[in-house]
Amino acid sequence: MGGARGYEVVIVGAGIAGASLAHFLAEGGLGDVLLLEREEQLAVHSTGRSAATLSQLDRVRTSMELIVASAPFFQSPPPGFAEHPLLDPIGVVSLFGEDAWSELAPRIPALNRFGLACHAMTPAEVLRRSPALDPTTFAAGLMVPGDGRLDVHEILSSYVRHARSRGVELRTSSPVEGFLIEAGRCRGVVVRGETIRARVVVNAGGAWAATLGAQAGASPIRLVPHRRTIVTFAPPDGVDASKWTFVSSDPHSVYFSPEAGDLLLSPMDEEAMEPCDATPDDEVIAAGLARFAHLAPSLAPRSIKRRWSGLRTFSPDRVHVVGEDPARRGFFWLAGQGGCGIETSPVIGRVAADLILRGETRHFDARRLDPARFA
Ligand SMILES: Cc1cc2nc3c(=O)[nH]c(=O)nc-3n(C[C@H](O)[C@H](O)[C@H](O)COP(=O)(O)OP(=O)(O)OC[C@H]3O[C@@H](n4cnc5c(N)ncnc54)[C@H](O)[C@@H]3O)c2cc1C
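Residues numbered from 1 in each chain as written. Predicted model: local features only at pLDDT ≥ 70, side-chain atom pairs only at ≥ 80, totals over all residues. Heavy atoms only, no water.

Engineer: Can you help me understand the domain arrangement of the protein in this one?
Structural biologist: Many authors give the size of an interface as the accessible area that is lost as the parts come together. According to the domain assignment, the protein consists of domain 1 (6-48 + 153-223 + 316-374) and domain 2 (92-145 + 224-314). For domain 1 and domain 2, the distance between their C-alpha centres works out to 31 Å. Opposite the 13 residues of domain 1 that make contact, domain 2 presents nine residues. Summed over both partners, the interface of domain 1 with domain 2 comes to about 1100 Å²; 57% of that surface belongs to carbon and sulfur atoms. On the domain 1 side of the interface with domain 2, the three residues burying the most area are Ala207, Leu223 and Arg318, jointly 45% of the side's total. In this assembly, domain 1 and domain 2 are joined by one salt bridge. Between Arg318 and Glu270 there is a salt bridge, with its nearest N and O atoms 3.0 Å apart. Counting across the interface, domain 1 meets domain 2 through three residue pairs in polar contact (both at pLDDT 80 or more). (Domains from an automatic or database assignment. Contact = heavy atoms within 4.5 Å. Buried area = accessible area lost by both parts, 1.4 Å probe. Salt bridge = Lys/Arg side-chain N within 4 Å of Asp/Glu carboxyl O. Polar contact = N/O pair within 3.5 Å; in protein donor to acceptor, adjacent residues only side chain to side chain.)

Engineer: Help me understand the pairing of strand β1 (residues 6-12) in this model?
Structural biologist: When a strand is regular, its side chains alternate between the sheet's two faces. Among the seven residues in β1, seven count as buried, and that is most of the element. Across six bridges, the pairing between β1 and strand β12 (residues 194-203) is parallel. Its bridge partner being in β12, Val12 is matched across the sheet by Asn203. Two strands pair when backbone bridges link them, and β1 and strand β2 (residues 33-36) are joined in this way by four bridges, in the parallel orientation. Across the sheet, residue Val9 finds its bridge partner in β2, namely Val33. Following the backbone out of β1, through helix α1 (residues 16-27) and into the adjacent parallel β2, one traces a crossover that is right-handed. (Buried < 20%, exposed > 50% of the residue type's maximum accessible area, 1.4 Å probe, protein only. Helix = DSSP H or I, 4+ residues; strand = E, 2+ residues; numbered from the N terminus. Pairing = 2+ DSSP bridges. Right-handed = clockwise from strand over helix to strand, strands pointing away.)

Engineer: Looking at this model, I keep getting lost on unusual backbone geometry. Mind explaining?
Structural biologist: Excluding glycine, residues mostly have negative phi values, and the peptide bonds linking residues are mostly trans. Positioned with a positive phi, Ala260 is a non-glycine residue whose angle comes to about 45 degrees. Within the fold, Ala260 resides in the loop between β15 (254-259) and β16 (262-266). What makes Ala260 exposed here is its relative accessible area of 80%. Even without a glycine there, the phi angle at Met268 is positive, about 55 degrees. Topologically, Met268 is positioned in the loop between β16 and β17 (271-272). Look at Met268 and you get partly exposed, because its relative accessible area is 27%.

This is the structure we're talking about:
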């Protein structure tokens, strides 16, 4: 199609979802792509507010498969993809109480066979990697040594840089206000009164995905944003936490990790809300810090340095929604990234690109992501 007012593909939203798709489309030979972002800057919403972690153990089987399949991309990125390492493999240890551990422990060999390199740790072993914990407050830990902290800025900017070098056009400050529908098919978007035509319009609007779907008259998919909060604070005087591992505690409902000389903590809140610029709730933070004080009494912070919230948007089965809308042809969903949109982006971006370019993919069973499962 080409030209100033027409593209093969228009992507709405330049978070990690839209950016990874743009990269894999361009890599697959399609550079006639327009990536539209409402904000002036990238990463203003969920992508810029995450805990920036690769953590392959996930309660949702499909999400875990997607993360495990994506992990090698971060552990050894394709040559020339990034200028800096994408992953600092500090390890992620998940702590469990007696009941949850007695369910999980027998499954460890199966997890290993499935590709998740992980092993059990006694509380004493966990303490060697994160010495401030009270070992009487959990039964055991599951360590995934290949996991760790991601450089989200590097990942996002690398996707965007490669896409642009292959012809993808990025426009910021470009809110999509409506859709062009012709003969029942979505054939473009309206941005500040300008109509831009496209063969395929991609909804990568993050927390706004359901709103965009409704505006386009697509199938109603219940994609609900849920707030999650993070705080950072200094470790106690004289404590060097920089070599500690990432700890996620099921019994305490908190996770924490070293973060640039400080500690980062999430109360693992999950409050459903309308799409918005989410802000932290002091009571949620206080309750999280109280639970954290049981897990690591000596680390209880005297003051908080930074606090922020972002939205994790879940579909009804908590799995991504990727594919053309079953009713509104030409409208392609790339939504429902939930709490793993960064760490699944190498596989999800590629799967979405394959479906747009060829209508099929060999990288994942795309039926499990298909929006038609909610029809
Ligand atoms: C506190 C927290 C911790 C998290 N931790 C992790 C983690 O450790 N690992 C991990 O993998 N994931 C994590 N996540 C989840 C991850 O951040 C998300 O899954 C991911 O960022 C979603 O990416 P996205 O591109 O779909 O959404 P977004 O990054 O929100 O991007 C969507 C974009 O669409 C734009 N947009 C919306 N409407 C329009 C419109 N009409 N016109 C133009 N543009 C529009 C928005 O401005 C936005 O920039 C976390 C999330 C939170 C909040």
